[in-house]
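Overview (structure and organization)
So the chains spell out like this:
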Amino acid sequence: MAASATPAAQAKCSEEALAAALADVPELARLLEIDPYLKPFAVDFQRRYNRFSQMLSSIGENEGGIDKFSRSYESFGVHRCADGGLYCKEWAPGAEGVFLTGDFNGWNPFSYPYKKLDFGKWELYIPPKQDKSVLVPHGSKLKVVITSKSGEILYRISPWAKYVVREGDNVNYDWIHWDPEHPYKLKHSQPRKPRSLRIYESHVGISSHEGKVASYKHFTCNVLPRIKDLGYNCIQLMAIMEHAYYASFGYQVTSFFAASSRYGTPEELKELVDTAHSMGITVLLDVVHSHASKNSEDGLNLFDGTDSCYFHSGPRGNHDLWDSRLFAYSSWEVLRFLLSNIRWWLEEYGFDGFRFDGITSMLYHHHGMGQGFSGDYSEYFGLQVDEDALVYLMLANHLVHTLYPDSITIAEDVSGMPALCSPTSQGGGGFDYRLAMAIPDKWIQLLKEFKDEDWNMGNIVYTLTNRRYLEKCIAYAESHDQALVGDKTLAFWLMDAEMYTNMSVLAPFTPVIDRGIQLHKMIRLITHGLGGEGYLNFMGNEFGHPEWLDFPRKGNNESYHYARRQFHLADDDLLRYKFLNNFDRDMNRLEERCGWLSAPQAYVSERHEDNKIITFERASLLFIFNFHPSKSYTDYRVGTALPGKFKIVLDSDMAEYGGHQRLDHNTDFFSEAFKHNGRPYSLLVYIPSRVALILQNVDLPN
């Protein structure tokens, strides 16, 4: 039996491996300086970075660089040429033959065959008519016909199709050739990357109070001004990539290059994005590259007659929980398709970045199913990590940030993978932000399982501040996930059935409604102030939208009753929803002025369990929260780093926020050189029960 290496030899080997990793990864030393506990995994970062770097070099050698490679939508699919002809190109490695058919040739399946090229590609040129007009006019229907190796004749939609529609009672979508004579031209320049990111998570289809699918036009005219007024500077648009099943919330994508036609045309989506830009609002796309719909008639599945093509064949190509297909991220043509898809939405529609959905499923071979993540670093390295997918994400982030420096990328990852939001030059994933997914779970747990007087202040603070140093987080009290049927929004957890009877200002201010309104504001403000470097709210939740979200489906008799947003509730002067709406607006506007999201992480000076008090400082503001259901405190001493005069700049107890108006805003608070809770100065404040306050030092220069 071979002898094992001595500890000295192992240490030398380890030192050599670390030195080699530091030599290969340009800024790995910085990552290990930030988090020394990652040192044992330096070789993993080296391997990931080298694979990323090699792929980038290979794309440069074989495709002329990632810039050109990611513009493959200019040749793949169907395109009008300068001479009026059509150039068509597809990748179908498992096909025996490829043809184009449609209205233009009376649906003859074989009259326009593609020519076979190398590497599974096929191309076709269709000359123009004699009068130089195009043979396939705008708005006509097309299909790619695939003859498979087994002799089947398959009618398919091109993976690169730009517009697909479902007509009448048809089950499947039709591919429509989209080539308008006067396409929408973007008029407004894109906003600079926001210093502080305040995201309004939006779904176009449910943005009306009517029981129907709302349109891009409706959202542009009616919802964008509301978002601007509320003080949000970013919209995250969900369910834009075409998806056959409306109730999937957009997460079962069928056509990756097509903007969903159920809301309108591609030109109307461009107008929406352009109008948002005119208001100074950044627009992010919820991009779904973690999986694809199993549909074959109008999706990517079985495109060339094989179960592989864009996906892994066999069990690895299926997501058992989502019942969907999984991309083969190491495939050259899959990288071409996905990177071009990223580029398409940035270039064609003017999106300013992406929230990448379902990242956890991509990062691990187990897809996060049946896995808890304790935070032990060994969970994030080793054979369970799908490095093909991780390298794709690094390439996608490199593409976005190199070609569009002001663009933003956000990762939806529940696992907490270290360095996911560190630069690729450090061996990281390259994302700008990750979603702080533990925060909404904590609020739901507290509301479901604990009485108010049993809330643990230390645990709340821990959850809100438990994030990796220099990896930015988007904090949120609730998102669309909490609004979906089977769960409840925070407002509904707090007030439940009384929302139907006691939200009128003419109705009694019952203890349930009082508690609900006060805690709703406090939960949102402490999450906003303490939880991250960005903030997210799902549309309607800012004013405590009642009930839940449920799309039309067989189980609810195809009802739209819960697939809408009742914005009129917040506009009704006789309803208490206006109070929550007002508070949300003023909270965002104050952040715009003071910039706490872009400031360093807060200093928490107090988390008092008996008094239910939390105080912290951020961006030279003093945040004070009294979560006690009944106790108010006179002359409560609060520590601060700053000497001078303080004034109240936000008070959840104001009448216009549905509060009890127990504080005098003319009061000046002076800090004195009296050390308290580790701060050199302190001041005395009256803190009513269930109140959140922000005090600003008025002696500081603006």
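Residues numbered from 1 in each chain as written. Predicted model: local features only at pLDDT ≥ 70, side-chain atom pairs only at ≥ 80, totals over all residues. Heavy atoms only, no water.

Once that is clear, we can look at the overall build of the protein. Of the regular secondary structure elements, the protein holds 16 helices and 29 strands. What you see for the protein is a C-alpha radius of gyration of 28 Å, in line with the 27 Å of a compact globule of 702 residues. Dimensions of the protein along its principal axes, counting C-alpha atoms only, are 85 × 75 × 45 Å. The burial tally for the protein puts 60% of its 702 residues in the buried class. Considering only contacts within the protein whose residues lie at least 6 apart along the sequence, 72% involve residues at least 24 apart. Separation between the mean location of the 70 positive side-chain charges and that of the 89 negative ones in the protein comes to 2 Å. (Helix = DSSP H or I, 4+ residues; strand = E, 2+ residues; numbered from the N terminus. Rg over C-alpha atoms; globule rule 2.2 N^0.38 Å. Buried < 20%, exposed > 50% of the residue type's maximum accessible area, 1.4 Å probe, protein only. Contact = heavy atoms within 4.5 Å. Lys, Arg positive; Asp, Glu negative; His and termini not counted. Charge placed at Lys NZ, Arg CZ, Asp CG, Glu CD.)

Spatially, 8 strands are ordered S10-S11-S14-S17-S18-S19-S20-S21 in a closed barrel, and the strand pairing comes out parallel. Direction aside, neighbouring strands of the sheet carry axes that sit 30° apart on average. (Pairing = 2+ DSSP bridges. Axes fitted to C-alpha atoms, helices over the stretch in contact; angles between N-to-C directions.)

All told, the structure shown has 48 aromatic pairs when counted by the stated rule. With a centroid separation of 5.4 Å and an interplanar angle of 70°, the aromatic rings of Phe257 and Phe337 are classed as edge-to-face. Of this pair, Phe257 sits in strand S13 (residues 253-259) while Phe337 sits in helix H7 (residues 332-348), and the two are 80 residues apart along the sequence. Of the residues examined, Phe257 reaches a relative accessible area of 1% and is grouped as buried. Its end group placed over the ring of Phe45, Arg48 keeps NZ or CZ at 5.7 Å from the ring centre. Residue placement shows Arg637 over the ring face of Phe674; its charged tip is 4.2 Å from the ring centre. (Phe/Tyr/Trp six-rings, centres within 6.5 Å; stacked < 30°, edge-to-face > 60°. Lys NZ or Arg CZ within 6 Å of the ring centre and 35° of its normal.)

Turning next to the pattern of salt bridges. Pairing between side chains of opposite charge can happen when the charged atoms of each approach one another. For the structure on display, the rule yields 51 salt bridges. With a closest N to O distance of 3.0 Å, Glu533 and Arg467 form a salt bridge. Residue Glu533 is found in the loop between helix H14 (511-530) and strand S21 (534-538), and its partner Arg467 is found in the loop between helix H11 (457-465) and strand S20 (472-475); the two are separated by 66 residues along the sequence. Glu533 gets classed as buried once you look at its relative accessible area, which sits at 12%. Taking relative accessible area as the criterion, Arg467 reaches 13% and is therefore assigned buried. Among the ionic pairs, Asp653 bridges to Arg662, the shortest N-O distance being 2.9 Å. A network of salt bridges, in which partner residues are shared, links Asp35, Asp413, Arg434, Arg468 and Glu471. (Salt bridge = Lys/Arg side-chain N within 4 Å of Asp/Glu carboxyl O.)

What follows concerns the nonpolar core. Counting residues in each nonpolar core, the largest one holds 183 residues, and the members touching the most others are Leu100, Leu269, Tyr310, Trp345, Tyr392 and Trp443. Broken down by element, the residue count for this core peaks at 10 residues, all from helix H9 (residues 387-403). For Trp443, the residues in contact, after removing those within four places along its chain, are Trp455, Ile460, Leu464, Ala477, Leu490, Ile523, Ile526 and Thr527. Ile624, Tyr633, Phe669 and Leu693 belong to the second largest nonpolar core, which has 16 residues in total. (Core = buried A, V, L, I, M, F, W, Y, C linked by side-chain atoms within 4.5 Å.)

Right, let's get into the packing of H7 against H9. Relative orientation of the contacting elements H7 and H9 amounts to 30°, with a least axis distance of 11 Å. In this view, H7 runs roughly parallel relative to H9, as classed from their interaxial angle. Handedness of the H7/H9 crossing: right-handed. The residues of H9 that touch H7, namely those facing Leu335, Leu338, Leu339, Ile342, Arg343 and Leu346, are Tyr392, Leu395, Ala396, Leu399, Val400 and Leu403. (Parallel < 35°, antiparallel > 145°, perpendicular 65-115°, else oblique. Left-handed = near helix turned anticlockwise from the far one by under 90°.)

Right, let's talk about unusual backbone geometry for a bit. Residue Asn557 is not a glycine yet carries a positive backbone phi of 60°. Position of Asn557 among the secondary structure elements: in the loop between S21 and helix H15 (568-571). With phi around 60°, Lys612 is a residue other than glycine that occupies positive phi space. In this fold, Lys612 is placed in the loop between strand S22 (603-608) and strand S23 (613-618). Accessibility expressed as a relative area gives 6% for Lys612, which makes it buried.

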